[in-house]
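Chains, contacts and geometry: an overview
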Amino acid sequence: MKLYKNLLVDFEEMSLGYSAMGIIASSCLGSVAAMLILMNGHGFLDMFQLFIVVVACMGFNTVILAQFKPKVVFNALLISLAISASFILINIF
């Protein structure tokens, strides 16, 4: 929890710069997850996984464009990165 609070304080101080880096990170990780999902097939389960990844990444972008508070943006970034990373791990193995 201490790591989360330290990262949040740092994010709040430079939220504009970290938001821009977050868009790049979320988009890149989401695109890798989408590629791996589509490499496994085009069935209903694959399309549902793709839907979840796209919603998470686009949700983060929406939170930034709507100019939410930095804490909400930071939490959305963590959720987006966690979802993309988990689907990458699921589809690699």
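A quick note: this is a predicted structure, and the numbers were derived from the prediction, not measured. (Residues numbered from 1 in each chain as written. Predicted model: local features only at pLDDT ≥ 70, side-chain atom pairs only at ≥ 80, totals over all residues. Heavy atoms only, no water.)

This part is about the packing of aromatic side chains. Scanning the model with the defined rule gives five aromatic pairs in all. A ring pair is formed by Tyr4 and Phe74, whose centres lie 5.6 Å apart and whose planes are at 45 degrees; its orientation type is tilted. Residue Tyr4 is located in helix α1 (residues 2–13), and its partner Phe74 is located in helix α4 (residues 70–92); the two are separated by 70 residues in the primary sequence. Owing to a relative accessible area of 22%, Tyr4 belongs among the partly exposed residues under this scheme. A centroid spacing of 6.5 Å and a plane angle of 20 degrees characterise the contact between Phe44 and Phe48, whose relative ring orientation is stacked. With Phe44 and Phe48 both in helix α3 (residues 44–65), this residue pair falls four residues apart, about one helical turn. Taken together, the aromatic side chains of Tyr4, Phe11, Tyr18 and Phe74 make up a single cluster linked through ring pairs. (Phe/Tyr/Trp six-rings, centres within 6.5 Å; stacked < 30°, edge-to-face > 60°. Helix = DSSP H or I, 4+ residues; strand = E, 2+ residues; numbered from the N terminus. Buried < 20%, exposed > 50% of the residue type's maximum accessible area, 1.4 Å probe, protein only.)

Mapping Asn91 onto the fold places it in helix α4. For Asn91, a relative accessible area of 10% puts it in the buried group. A polar side-chain atom of Asn91 sits 3.2 Å from a polar atom in the side chain of Gln49. A distance of 2.8 Å separates a polar side-chain atom of Asn91 from the backbone oxygen of Phe87. Residue contacts for Asn91: discarding those within four places in its chain leaves Leu36, Ile37, Asn40 and Gln49. (Polar contact = N/O pair within 3.5 Å; in protein donor to acceptor, adjacent residues only side chain to side chain. Contact = heavy atoms within 4.5 Å.)

This next bit is on a nonpolar patch on the surface. Taken together, the side chains of Phe44, Phe48, Phe51 and Val55 present a nonpolar region at the surface, about 470 Å² in accessible area. Among the residues examined, Phe44 registers a relative accessible area of 72% and is labelled exposed. (Patch = residues over 30% accessible without salt bridge, like charges linked within 9 Å, V, L, I, M, F, W, Y side chains within 5 Å. Areas by Shrake-Rupley, 256 points an atom, 1.4 Å probe, with all protein chains shown as cover. Salt bridge = Lys/Arg side-chain N within 4 Å of Asp/Glu carboxyl O.)

On to α4, then. Compared with the 33 Å implied by 1.5 Å per residue over 23 residues, the 33 Å span of α4 between its first and last C-alpha is a close match. Among the residues making up α4, those that are buried are Val73, Phe74, Ala76, Leu77, Ser80, Ser84, Phe87, Ile88 and Asn91. Among the structural elements, α1, α2 (15–39) and α3 are those in contact with the buried residues of α4. (Expected span 1.5 Å × (residues − 1).)

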